[in-house]
Amino acid sequence: MSKTQLLLLLQWLLFILTQLFSFSTGDVGTAAQYSPPYLPSACYGNDVSQFPTNNLFASASEGIWDNGASCGRQYLVRCISASEQGICVTGVTIPITIVDREVTSISLPSTSGTTMALSETAFALIADLSANEINIEFQQV
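Here the structure is a predicted model, which means the values were calculated and not measured.

K.L.:
Could you give me a rundown of the pairing of strand S2 (residues 57-60), with the residues and numbers involved?
P.N.:
Here S2 shows no split at all, with Phe 57 and Ser 59 on one side and Ala 58 and Ala 60 on the other all buried. The sheet contact formed by S2 and strand S4 (residues 94-101) spans four bridges and is parallel. Each residue of the ladder has a partner; that of Ala 60, found in S4, is Arg 101. Of the strand pairs in this sheet, S2 and strand S5 (residues 116-119) are connected by three bridges, and their pairing is antiparallel. Looking across to S5, one finds that Ala 60 is bridged to Met 116.

K.L.:
So what about the pattern of salt bridges? Which residues, and what values?
P.N.:
Throughout the structure, instances matching the rule amount to three salt bridges. The salt bridge partner of Arg 73 is Asp 66, with a shortest N-O separation of 2.7 Å. Note on Asp 66: relative accessible area 42%, which makes it partly exposed. Between Glu 137 and Arg 78 there is a salt bridge whose closest N-O contact spans 2.7 Å. Placement of the pair is Glu 137 in strand S6 (residues 133-140) and Arg 78 in strand S3 (residues 74-81), with a sequence separation of 59 residues. The exposure class assigned to Arg 78 is partly exposed, which follows from its relative accessible area of 34%.

K.L.:
Can you explain the pairing of S4? Please cite residues and give values.
P.N.:
Where burial is concerned, most of S4 is hidden: six out of the eight residues are buried. Relative to S4, S3 is paired through four bridges, and the arrangement is antiparallel. Looking at S4, one finds that Leu 76 is bridged to Pro 95.

K.L.:
Describe the state of the cysteines, with residues and values.
P.N.:
Under the criterion given, the structure shown has two disulfides. Cys 79 shares a disulfide with Cys 88; S-S distance 1.9 Å. Residues Cys 79 and Cys 88 are joined through a disulfide that is left-handed, its torsion about the S-S bond being -50°. Across the pair, Cys 88 and Cys 79 agree in class, each one buried. Each bonded cysteine in the chain gets a number by its place in the sequence, and the pairs come out as 1-2, 3-4.

K.L.:
An account of the sheet that holds S4 is needed here, citing residue identities and associated values.
P.N.:
Taken together, six strands build a closed barrel; the order of strands is S1-S5-S2-S4-S3-S6 and the barrel is mixed. Strand after strand, the sheet turns through a mean of 45° between neighbouring axes, direction not considered.

K.L.:
With reference to specific residues and values, describe the nonpolar core.
P.N.:
Counting residues in each nonpolar core, the largest one holds 25 residues, and the members touching the most others are Tyr 75, Val 77, Ile 96, Met 116, Leu 118 and Ile 134. Of all the elements in the fold, those that place two or more residues in this core are S2, helix H2 (62-65), S3, S4, S5, helix H3 (120-126) and S6. Setting aside anything within four residues of it in sequence, one finds Ile 96 in contact with Leu 56, Phe 57, Ala 58, Arg 73, Gln 74, Tyr 75, Val 77, Met 116, Leu 118 and Ala 122. Tyr 34, Tyr 38, Phe 51 and Val 99 belong to the second largest nonpolar core, which has six residues in total.

K.L.:
Before we move on, could you go through the side chain of Glu 102 and cite the residues and values that matter?
P.N.:
Among the secondary structure elements, Glu 102 is positioned in the loop between S4 and S5. Buried and without a salt bridge, Glu 102 has Arg 101 as its closest oppositely charged side chain, separated by 9.8 Å. A polar contact of 3.3 Å, which involves the side chain of Glu 102, links it to the backbone nitrogen of Ala 117. Sequence-distant contacts of Glu 102, that is, excluding residues within four places in its chain, are made with Ser 59, Ala 60, Ser 61, Pro 109, Thr 111, Ser 112, Gly 113, Thr 114, Thr 115, Met 116 and Ala 117.

Definitions and cut-offs
Per-chain numbering applies: the sequence of each chain, read as written, is numbered from 1 onward. Local features in this predicted model are restricted to residues whose pLDDT is 70 or higher, and side-chain atom pairs enter the listing and the counts only when it is 80 or higher, whereas totals over whole chains, interfaces and linings include all residues. Side-chain metrics in this entry use all non-hydrogen atoms of the structure; hydrogen atoms and water are not considered. Each residue is placed in one exposure class: buried if its accessible area under a 1.4 Å probe, protein chains only, is under 20% of its type's maximum, exposed if it is over 50%, and partly exposed if it falls in between. In this text, helices come from DSSP runs of H or I with a minimum length of four residues, and strands from runs of E with a minimum of two, each type numbered from the N-terminal end. Two strands qualify as a pair provided DSSP detects at least 2 bridges between them. Salt bridge, as used here, is a side-chain nitrogen of Lys or Arg placed within 4 Å of a carboxyl oxygen of Asp or Glu. By disulfide we mean two sulfur atoms from cysteines, separated by a distance within 2.5 Å. Here an axis means a line fitted to C-alpha atoms, over the contact stretch when the element is a helix, while the angle between two N-to-C directions is reported on a 0 to 180 degree scale. Here, nonpolar core refers to any group of buried Ala, Val, Leu, Ile, Met, Phe, Trp, Tyr and Cys residues whose side-chain atoms link them within 4.5 Å. Residue contacts are counted whenever heavy atoms from the two residues lie within 4.5 Å of one another. A residue counts as positive if it is Lys or Arg and as negative if it is Asp or Glu; His and the chain ends are not included. Polar contact criterion, stated in full: a pair of N or O atoms within 3.5 Å, where within protein one must be able to donate a hydrogen and the other to accept it, and residues adjacent in sequence count only if both atoms are side-chain atoms.

This is the structure we're talking about:
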């Protein structure tokens, strides 16, 4: 086998391996949804001007709350699986902003103990609203 053929074979094998494995740079957790009213907020009090106008926000669990330092943090979030088939909207990643603390939120999440509770608007963009909880991949930006 010539050097060129060996190089082509190695490139082909590398290509095949990259297609078989997906490499993730985010964290994996769970998300619930929560409904209005979203105030008062642990991050901004009653100041509705601090909430993203596109309604893409979430309340943070104790795991990412970081003593309030998570207020205003932005994450990219996507649904990766759920207990039922067809719940996740495939190929959609959304930006969300942390605006509240899950355990002190006026509106309780559909499931407690999740990594974050997404606003109804945010949840609906990545999953069917009939789900109480989904598995997510998230990355701080």
